[in-house]
Protein chains: 2
Amino acid sequence: MATGTRDRILAAASTLLRRQGYNATGVKQVIDESGAAFGSLYHFFPAGKEELGAEAVMVSSAAFERLLAEAFDGVPDAATGVRRLFAEAARQLVDSGYAEGSAIATVALETANSSERVREACAAAFERWLTAAAARIAAGGAGTVPGTQRTPGNRAVELAVGVVAALEGALVLARTLRSTEPLRIAGELVAQQVDVALARP
Amino acid sequence: MATGTRDRILAAASTLLRRQGYNATGVKQVIDESGAAFGSLYHFFPAGKEELGAEAVMVSSAAFERLLAEAFDGVPDAATGVRRLFAEAARQLVDSGYAEGSAIATVALETANSSERVREACAAAFERWLTAAAARIAAGGAGTVPGTQRTPGNRAVELAVGVVAALEGALVLARTLRSTEPLRIAGELVAQQVDVALARP
DNA sequence: GTCTATATCTCGATAGAC
DNA sequence: GTCTATCGAGATATAGAC
């Protein structure tokens, strides 16, 4: 089955961590929202909150990877994929009443120097995002003229770092300022940079 | 005098919030680190932790504004100022053992939907950073040839958003991945963008 | 203004019946 | 595997002597 008790606990934790962060999210609240029994938490996650947090981060990471793939699917060029990625992030932010920004940035900052286990899960998530983004940028979009494609080298990786950093930073600004302007501006800037870099390699 | 009890409490709170965030920092810990008495906290900050947090954010904001000013002082062009800003952020991160990243990003994300008072302080801080960065970029650096300077219009503001977003996002990545590479890469990308934008307006 | 003692609450985690 | 009761620690905040 796809929605066992463990999965429901993880789904609830993933949402709560995104909205409230790690320290503000109590294990009891996770249990309440998931509908599971309190004892089930320590049955499925013997190491407690840290284990739950690390696993929930992996769930959130996978969700973002799907979002990233959707943004780049069928686009004429990589810059369009970047624009769609930022637009979708803005949509989620507004639709949630500015409650849902980056899926793991809050948790990553909170646990960077207090929980090695959760921090490693966040680091693994960012690594996967960077790898996925670099691959999409290196592909250059479906509309790239054959023969002009670049190898997925350093430039694509560097642009991927620029895209992810701009997205994460713009989400911090947007959530705090309660405005999508930072996402619109930063997204357009980095999209143009991807466009230029792929056009003149 | 410049270092009264209130100032010492704020200084301790500012440092702890930067390293641990809002929820992980207890008022008791702030008091211990400041050397003040517990009762002094509620004497100077009657509204308690939220008031202390908001005031500490303002202190951190001012410190970053000084850092930004120093990075741009005496540079031949704005892009050099951006490079110095990112380099200084990387230095602080490494020197602190990856404990001190953005002065307020963690607090901003934690309180975005739980404390309006602290969130507003963070929003005011970001607004000031953007304004200051835009002014420096619009100035174009001391080495700008007379007659080629641009008015501090929309472009400088947009570039400022790009710079601050890239810095905040790169700090999230760098702190989590325990590497200064994201700061180096994102900083260089955004510096080049500032350079190009100022050269061809 | 400073300091100590304490009230009240919630946290993560555990024990043990079923 | 599920569920309840509870522990001990630590949180913010308050009261009141000095």
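Our structure is the block above this text.
Structure report, in brief.

**Things to note about the protein's contact with DNA strand C**
Every one of the 14 residues lining DNA strand C counts as a neighbour, but Gly26(A), Val27(A), Phe38(A), Tyr42(A) and Lys49(A) are closest to it. A share of 53% is what sugar and phosphate atoms reach among the atoms of DNA strand C within 4 Å of the protein. The contact in question runs from a phosphate oxygen of DNA strand C to an N or O atom on the backbone of Thr25(A), over 3.4 Å. Within the backbone of Lys49(A), a nitrogen or oxygen atom sits 2.9 Å from a phosphate oxygen of DNA strand C. For the surface near DNA strand C, the element with the most residues is helix α3 (residues 38-44) of chain B, which contributes five residues. Tallied by class, the residues present in the surface near DNA strand C amount to six nonpolar, seven polar and one charged.

**Looking at the relation of the copies chain A and chain B**
After a rotation of 180 degrees and a shift along the axis of 0.0 Å, chain A superposes on chain B with an RMSD of 0.0 Å. When the rotation and shift are considered jointly, the pair of chain copies conforms to a two-fold rotation axis. Taking C-alpha positions as reference, the residue of chain A nearest the rotation axis is Gly169(A), located at 1.9 Å. An overlap of 100% is found between the interface residues of chain A and their copies at the interface of chain B, pointing to a shared contact surface.

**Observations concerning the protein's contact with DNA strand D**
As a matter of local geometry, DNA strand D sits amid 15 residues, with Ala37(A), Val27(B), Phe38(B), Tyr42(B) and Lys49(B) nearest to it. Interatomic distance of 2.9 Å between a backbone N/O atom of Val27(B) and a phosphate oxygen of DNA strand D. Going through the elements one at a time, α3 (38-44) of chain A together with α2 (27-34) and α3 of chain B are the ones with two or more residues in the surface near DNA strand D. No other element matches the five residues that α3(A) contributes to the surface near DNA strand D. Among the residues making up the surface near DNA strand D, the classes are represented as six nonpolar, seven polar and two charged.

Analysis parameters
- Residues numbered from 1 in each chain as written.
- Chains lettered and ligands numbered in written order.
- Predicted model: local features only at pLDDT ≥ 70, side-chain atom pairs only at ≥ 80, totals over all residues.
- Heavy atoms only, no water.
- Near = heavy atom within 4 Å.
- Polar contact = N/O pair within 3.5 Å; in protein donor to acceptor, adjacent residues only side chain to side chain.
- Helix = DSSP H or I, 4+ residues; strand = E, 2+ residues; numbered from the N terminus.
- Nonpolar A, V, L, I, M, F, W, Y, C, P; charged D, E, K, R; others polar.
- Least-squares fit on C-alpha atoms with pLDDT ≥ 70 in both.
- Contact = heavy atoms within 4.5 Å.

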